[in-house]
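# Results of the structural survey
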Amino acid sequence: MRRPRRLRTQLIALVGLVALLVAVILGVLSALSLRSELLGRLDGSLVAASDRGRGADVDPGGYPDPPPGWDGGPPGLNVRGQAVGTVVVEVRDGEVVSAGYLDDDAQLRELDPAQAAAVLTAGDRPSWVHVNGLGTYRAVTVGRDDGTSVVTALPWDDSAGTLRGYVLVEVVVGVVAVLLAAAVATALVRRSLRPLDRVAQTATRVAELPLDRGAVALDERVPDGDTDPRTEVGQVGAALNRLLGHVETSLAARHASEQQVRQFVADASHELRTPLASIRGYSELVLRHGDLSEDSAHAVTRVASESRRMQALVEDLLLLARLDAGREIVEQDVDVVALAADAVSDAHAAGRGHTWRLDLAGDVDPERLRVRGDEARLRQVLVNLLANARVHTPPGTTVRLGVRRAGDVVTLIVLDDGPGVPAEQQATIFDRFSRGDAARTGGDGATRSTGLGLAIVEAIVTAHGGTITLDSEPGRTLVSVVLPASGAPDGGAGARMGP
Ligand SMILES: Nc1ncnc2c1ncn2[C@@H]1O[C@H](COP(=O)(O)OP(=O)(O)O)[C@@H](O)[C@H]1O
Ligand SMILES: [Mg+2]
């Protein structure tokens, strides 16, 4: 898969590329025009040189100081005004009569036959010829009055040197210009994309907010400076702000309707308490003092036990509604060991058929086994967990309540060797009204089975910033509650915080 390129990189690369393209086109065009200018000038000089040569006297000796062995040289070369580097070849009836050029010191020099032959390829308009050992030339042929013809050539190499120098300067300037353009583009792009980063940061902060529960204060907004609708980034920022405003209103509406439902459940449970207490009271009264037939007695007993169970249900519902309302838990320094000891002894009284054990693993320093929290609610946690271990297991089951300190947490463990929770029920065990088939059908009022016990426990533990897990297999059911410890971290035994 291709790695996605960042917009920033793309923009800078694009600007660099455009600058490069412009530099190349400009460079090529100007080099071409310089070349044609140079060529035009050279051809002008060539025609002038050729004209000078055409009129020159056939008689050699016009040249002031012919070198030794120089047989007069071609007449066209041997005239004043011919430039250094000029080549002249004189031909009569297709035969080279003389061929030579002016070297850098303006001395006459002879061409060898191969070089002369190369020069002869020129026509009567200036054209390119290449002379081995000397270089590239522009050459032109003219006829003279005496029937001979003269080929004159001027070297291109000087102009080529000029052209090369120009191209070199152009390349250097071009590279500098492209780098400069890229640098400026980098700075500009960075500056104009910075608002986008800020918008993204706002979105990221919102994404990290816990929006799924409770009253949500969604006051994150893109800063005003980044919401100007005249800029593209501003449009994104403004759109995000509108979205956030919309989400905030929707969340507030959701929260309000949740609150209403909760309030309704709390009110309804509360209202049901009194009539239920009357039903229960009257049915117990009738049972005690009424003169009932066996059938009627059975029926009234059922009424009493069902109303007891309903009372428990209503109490649980009310408690859950209050926990849902998220009312602040009372923060106290709670001695977990004392709580655990009470819970075990209460459970022992309620379930004489079970074996109850309090297990501190030798860790009897009560200073280390304290948590910050609401004592009454933490007591409820232990009561519910131990009630489950009593109600959902047969007599003879051993139940252990363990308390441990590790690092910054205190762990409460309720372990029983009863039949355990079926695997398919474990995933939903902390849900409201989740209970086993046995609990659903078998309960009478005494078992208080409502399916709300573990939901309440979870709500309390969560409100304390703790976690709860259940791990169960036949013969071994373990519920562990992890709560933040109060006071100094582990190892600071005795360093109790506060007065
Ligand atoms: N220690 C346990 N052993 C076996 N089953 C249990 C245990 N604790 C809880 N359960 C199962 O989990 C269900 C839910 O428990 P809970 O929420 O306390 O509701 P309730 O106890 O009112 O039925 C119970 O109905 C029971 O089936
Ligand atoms: Mg229970």
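Residues numbered from 1 in each chain as written. Chains lettered and ligands numbered in written order. Predicted model: local features only at pLDDT ≥ 70, side-chain atom pairs only at ≥ 80, totals over all residues. Heavy atoms only, no water.

### A short note on the overall build of the chain
When helices and strands are tallied, the chain shows 10 helices and 13 strands. Here the C-alpha atoms of the chain give a radius of gyration of 53 Å, more than 25% beyond the 23 Å that 2.2 N^0.38 yields for 499 residues. Buried residues in the chain amount to 36% of all 499 residues. For the chain, the proportion of contacts with a sequence separation of at least 24, taken over those separated by at least 6, is 63%. (Helix = DSSP H or I, 4+ residues; strand = E, 2+ residues; numbered from the N terminus. Rg over C-alpha atoms; globule rule 2.2 N^0.38 Å. Buried < 20%, exposed > 50% of the residue type's maximum accessible area, 1.4 Å probe, protein only. Contact = heavy atoms within 4.5 Å.)

### Digging into the sheet that holds strand β13 (residues 476-484)
Read across the sheet, five strands follow the order β8-β10-β11-β13-β12 without closing on themselves; strand pairing throughout is mixed. Two strands in the sheet have a free side with no partner beyond their single neighbour: β8 (355-359) and β12 (467-473). The mean inter-strand angle of the sheet, taken between neighbouring strand axes irrespective of direction, is 15 degrees. Packing of helix α6 (residues 336-350) onto the sheet brings it into contact with β8, β10 (398-406) and β11 (409-416), and relative to β8 it is tilted by some 175 degrees. Against the sheet, helix α7 (residues 375-391) makes contact with β8, β10, β11 and β13, and its axis sits at roughly 20 degrees relative to β11, the strand it touches most. (Pairing = 2+ DSSP bridges. Axes fitted to C-alpha atoms, helices over the stretch in contact; angles between N-to-C directions.)

### So, the layout of surface pockets
Of the pockets and cavities examined, the second largest pocket occupies roughly 620 Å³. If you trace the second largest pocket, you find 23 residues lining it, with Arg213, Leu323, Asp324, Ala459 and Thr462 closest to the centre. Put simply, the parts of the chain that give the lining of the second largest pocket at least two residues each are α4 (232-289), α5 (294-324) and α10 (453-463). Among the elements that line the lining of the second largest pocket, the one with the most residues is α10, at five residues. (1 Å grid on protein atoms, 1.4 Å probe; cavity = no way out; pocket = protein on both sides within 12 Å on 5 of 7 lines; lining within 4 Å. Points joined across faces, edges and corners; volume = space filled by probe spheres on them.)

### A look at the pattern of salt bridges
Side chains bearing opposite charge may pair, as long as their charged atoms lie close to each other. The full count for this structure, using the stated rule, is 22 salt bridges. The salt bridge partner of Asp197 is Arg8, with a shortest N-O separation of 3.5 Å. Of this pair, Asp197 sits in helix α3 (residues 157-208) while Arg8 is found in helix α1 (residues 7-55), placing the two residues 189 residues apart along the sequence. The partly exposed category is assigned to Asp197, whose relative accessible area is 35%. (Salt bridge = Lys/Arg side-chain N within 4 Å of Asp/Glu carboxyl O.)

### Details of the packing of α4 against α5
The interhelical angle for the contact between α4 and α5, taken along N-to-C directions, is 155 degrees, at an axis separation of 8 Å. The orientation of α4 relative to α5 falls into the category roughly antiparallel. The hand of the α4/α5 crossing is left-handed. Among the residues making up the contact of α4 with α5, the classes are represented as 17 nonpolar, six polar and seven charged. (Parallel < 35°, antiparallel > 145°, perpendicular 65-115°, else oblique. Left-handed = near helix turned anticlockwise from the far one by under 90°. Nonpolar A, V, L, I, M, F, W, Y, C, P; charged D, E, K, R; others polar.)

### What about a positive patch on the surface?
Side chains of Arg6, Arg190, Arg191 and Arg194 sit close together on the surface and give a patch of like positive charge. Looking at the element boundaries, Arg194 is found in helix α3. (Patch = residues over 30% accessible without salt bridge, like charges linked within 9 Å, V, L, I, M, F, W, Y side chains within 5 Å. Areas by Shrake-Rupley, 256 points an atom, 1.4 Å probe, with all protein chains shown as cover. Lys, Arg positive; Asp, Glu negative; His and termini not counted. Charge placed at Lys NZ, Arg CZ, Asp CG, Glu CD.)

### Quick word on the side chain of Ser472
Mapped onto the elements of the fold, Ser472 is located in strand β12. Taking the relative accessible area as the measure of exposure, Ser472 reaches 9% and is therefore buried. Here Val421 takes part through its backbone nitrogen, which lies 2.8 Å from a polar atom of the side chain of Ser472. Among all residues touching Ser472, those that are not within four sequence positions of it are Gly420, Val421, Gln426 and Thr477. (Polar contact = N/O pair within 3.5 Å; in protein donor to acceptor, adjacent residues only side chain to side chain.)

### What about the packing of α5 against α10?
Close contact between α5 and α10 brings their axes to 10 Å; oriented N to C, the two are set at 25 degrees. One element, α5, and the other, α10, form an angle in the roughly parallel class. Handedness of the α5/α10 crossing: left-handed. Facing α5, whose interface residues are Asp316, Leu319, Leu320 and Leu323, α10 presents Ala455, Ile456, Ala459 and Ile460. When its residues are assigned to classes, the contact of α5 with α10 shows seven nonpolar, no polar and one charged.

### A few points about the nonpolar core
In this structure, Leu385, Leu386, Val403 and Val481 are the most contacted members of the largest nonpolar core, which totals 44 residues. Two domains each put at least three residues into this core: domain 2 (210-327) and domain 3 (332-484). Leave out the neighbours within four places in its chain, and Leu386 touches Ala343, Val344, Ala347, Trp356, Val399, Leu401 and Val414. Residues Ala99, Leu111, Ala116 and Ala122 belong to the second largest nonpolar core, which totals 15 residues. (Core = buried A, V, L, I, M, F, W, Y, C linked by side-chain atoms within 4.5 Å. Domains from an automatic or database assignment.)

### Some details on the domain arrangement of the chain
Here the domain parsing of the chain yields domain 1 (7-164), domain 2 (210-327) and domain 3 (332-484). Once you take the C-alpha centre of each, domain 2 and domain 3 turn out to be 25 Å apart. Each partner contributes residues to the interface: domain 2 has 12 residues there, and domain 3 has 17 residues. In total, about 1,400 Å² of surface goes out of reach between domain 2 and domain 3, with carbon and sulfur atoms giving 62% of it. On the domain 2 side of the contact with domain 3, Arg309, Leu320 and Leu323 bury the most area, a combined 42% of that side's loss. Summed over the shared surface of domain 2 and domain 3, the number is one salt bridge. Of the charged contacts, one joins Arg432 and Asp324 as a salt bridge, the two residues approaching to 2.9 Å between their closest N and O atoms. For the side of domain 2 that touches domain 3, the class distribution of residues is six nonpolar, one polar and five charged. (Buried area = accessible area lost by both parts, 1.4 Å probe.)

### Quick look at the packing of aromatic side chains
Geometrically, a pair of aromatic rings is defined through the distance of the ring centres and the angle of the planes. A complete count under the given rule lists one aromatic pair for this structure. Both rings, one in Trp128 and one in Trp156, keep their centres 5.2 Å apart while their planes meet at 85 degrees; by these two values the pair is edge-to-face. Within this pair, whereas Trp128 is found in strand β4 (residues 127-131), its partner Trp156 is found in the loop between β6 (149-155) and α3, the two being separated by 28 residues in sequence. In this structure, Arg138 is placed above the aromatic ring of Trp128, and the distance from its NZ or CZ to the ring centre is 4.6 Å. (Phe/Tyr/Trp six-rings, centres within 6.5 Å; stacked < 30°, edge-to-face > 60°. Lys NZ or Arg CZ within 6 Å of the ring centre and 35° of its normal.)

### Side note on the site of ligand 1
Near ligand 1 lie 20 residues; those nearest to it are His392, Ser449, Thr450, Gly451 and Leu454. At a separation of 2.8 Å, an oxygen atom of ligand 1 approaches a polar side-chain atom of His392. Burial of ligand 1 by the surrounding chains reaches 93%, relative to a free accessible area of 520 Å². When residues of the shell around ligand 1 are traced back to their parent elements, those giving at least two are α7 and α10. In terms of residue class, the shell around ligand 1 is built from six nonpolar, 11 polar and three charged. (Near = heavy atom within 4 Å.)

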